[in-house]
Amino acid sequence: MYYIVYPILYLLSLLPLCVLYFVSDYLIYPFVRLFYRKSVVEENLQGSFPDKSNKELADIERRFYHFFADMLVEDLKAMSISEEEMMRRTTFSGIDYIESQFSEGKKIMFCYLGHYGNWEWLATYGYWMPFAHCTQIYHPLRNKTADRIILKTRQRSGSECIPMQTTLRRLVALRNEGKSVVVGLIADQLPQWKSIHHFTEFLNRDTAVFTGTEQLARKFGGFVMYAKVTRPKRGYYHCHMFPLSDNPVETEEYYLTDLFMKLLEEDIKGCPHLWLWTHKRWRRTKEQWIERQKGR
């Protein structure tokens, strides 16, 4: 299936973005707004912004689905877009700080990201950091064809996608090779029950959070940063990377996790339609978790 699907998608990706955005406006946007997880989006928005009026919530929902449709065609375009064009449309700042830390002897940097803005385009940070071995931790998809296509697209910038299950082993190997390593981790997903260790206040609710980024940072040392994403206009993104800790071992447990979620919440409140509202983020509650702990 890969050899059938990939060439078709690649040929479609050669269309100019203006044509793809036309498809987004008049074909994809009306469809996804009507049929794709509408009840999930509405429930998430109502719980996150209880003080907003129905009109305000409807406006966020409309803008989110419009952005979501744009993101789908942008991800298609990522299959063939040139390095020069991608670097013009997706820019990064804070790179000098990262390079200076490596020049001072640090060997690994962990960067927190959320499902905010177009994270697939942000995966091209390898273009901006040729001085480091850039990696992304990802969860393999069940659909092998889709997984292979996404991996091929994400690694076009020279970065390496590391399956979540092999993260520790691969990072140890890179450390033993003496490489300067950048690790990008999207850390705002809903953990499985067995992976829940901590809850934090996020968007008006007690929220189960992944603590893996913090645990890795403590184990490997290095330094930790946050990726603040903005969308200046359609088809353009900027990512400002700034430090959260130069020595994660010295921070209190869960401090970095809580700080990441707080910063992400601030970004979402500032421009809510850029976050992934279709995710069933709160289906595992703290009350349920406490009851499950009692049964152990």
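Preceding block: the structure.
First things first, this report covers the structure right here in the doc. These numbers were taken from a predicted model, which means no experiment stands behind them. (Residues numbered from 1 in each chain as written. Predicted model: local features only at pLDDT ≥ 70, side-chain atom pairs only at ≥ 80, totals over all residues. Heavy atoms only, no water.)

**Concerning the sheet that holds strand β2 (residues 108-113)**
The mixed open sheet is built from 7 strands, whose spatial order is β1-β9-β8-β2-β5-β3-β4. Every other strand in the sheet has two partners, leaving β1 (90-93) and β4 (160-163) as the edge strands with one partner each. Geometrically, the sheet is characterised by an average inter-axis angle of 30° between neighbouring strands, direction not taken into account. With 8 bridges joining them, strand β8 (residues 223-233) and strand β9 (residues 236-245) adopt antiparallel strand pairing. Bridging from a neighbouring strand, A227 pairs with M241 of β9. Packed on one face of the sheet, helix α10 (residues 212-220) meets β2, β5 (181-186) and β8 and runs near 170° to β2. (Pairing = 2+ DSSP bridges. Helix = DSSP H or I, 4+ residues; strand = E, 2+ residues; numbered from the N terminus. Axes fitted to C-alpha atoms, helices over the stretch in contact; angles between N-to-C directions. Contact = heavy atoms within 4.5 Å.)

**Points about the nonpolar core**
By size, the foremost hydrophobic cluster in this structure holds 81 residues, and its most contacted members are L171 and M241. If one sorts the elements of this core by residue count, helix α4 (residues 54-77) sits on top with 10 residues. Filtering out sequence-adjacent residues up to four positions away, L171 remains in contact with I108, F110, I162, V181, V183, L216 and F220. (Core = buried A, V, L, I, M, F, W, Y, C linked by side-chain atoms within 4.5 Å. Buried < 20%, exposed > 50% of the residue type's maximum accessible area, 1.4 Å probe, protein only.)

**Quick notes on the packing of aromatic side chains**
One pass over the full model with this rule turns up 23 aromatic pairs. Seen from their ring centres, F102 and F223 are 5.7 Å apart, and the 65° between their planes marks the pair as edge-to-face. On the criterion of sequence distance, the pair formed by F102 in helix α6 (residues 95-103) and F223 in strand β8 is long-range, its members being 121 residues apart. By the burial criterion, F102 is buried, and F223 matches it. An aromatic cluster is defined as three or more aromatic residues linked by ring pairs; in this entry it consists of F49, F202, W275, W277 and W282. Above the plane of the ring of Y2 lies R148, whose end atom (NZ or CZ) is 4.0 Å from the centre. Just above the ring of W282 sits the side chain of R205; from NZ or CZ to the centre is 3.6 Å. (Phe/Tyr/Trp six-rings, centres within 6.5 Å; stacked < 30°, edge-to-face > 60°. Lys NZ or Arg CZ within 6 Å of the ring centre and 35° of its normal.)

**With respect to helix α3 (residues 38-48)**
Turning to α3, its buried residues are V40, V41, N44, L45, G47 and S48. Looking straight down α3, one finds that the buried residues subtend no more than 165° of arc, so they occupy a single side. Away from the buried face of α3 by more than 90 degrees, exposed residues S39 and E43 are located. Where α3 is buried, its residues meet α4 and β7 (205-208). (Arc of directions from axis to C-beta.)

**Section: unusual backbone geometry**
Of note in the backbone geometry, R37 takes a positive phi value of approximately 50° without being a glycine. Examined against the element boundaries, R37 turns out to sit in the loop between α2 (17-35) and α3. The exposure class of R37 is partly exposed, given its relative accessible area of 35%. Within the chain, Y254 stands out as a residue other than glycine whose phi angle is a positive 75°.

**Section: the packing of α2 against α4**
Across the interface, α2 lies against α4 with an axial gap of 8 Å and an inter-helix angle of 135°. One element, α2, and the other, α4, form an angle in the oblique class. Crossing hand, α2 versus α4: right-handed. Looking at the contact of α2 with α4 residue by residue, the classes come out as 13 nonpolar, 2 polar and 7 charged. (Parallel < 35°, antiparallel > 145°, perpendicular 65-115°, else oblique. Left-handed = near helix turned anticlockwise from the far one by under 90°. Nonpolar A, V, L, I, M, F, W, Y, C, P; charged D, E, K, R; others polar.)

**Overview of the pairing of β8**
When β2 meets β8, the two strands line up parallel, connected through 4 bridges. Looking at the pairing, M109 lines up with F223 of β8. Here β8 folds back onto β9, and the loop between the two strands holds 2 residues, one of which, G235, carries a positive phi near 85°.

All we've got here are geometric facts, nothing functional implied.
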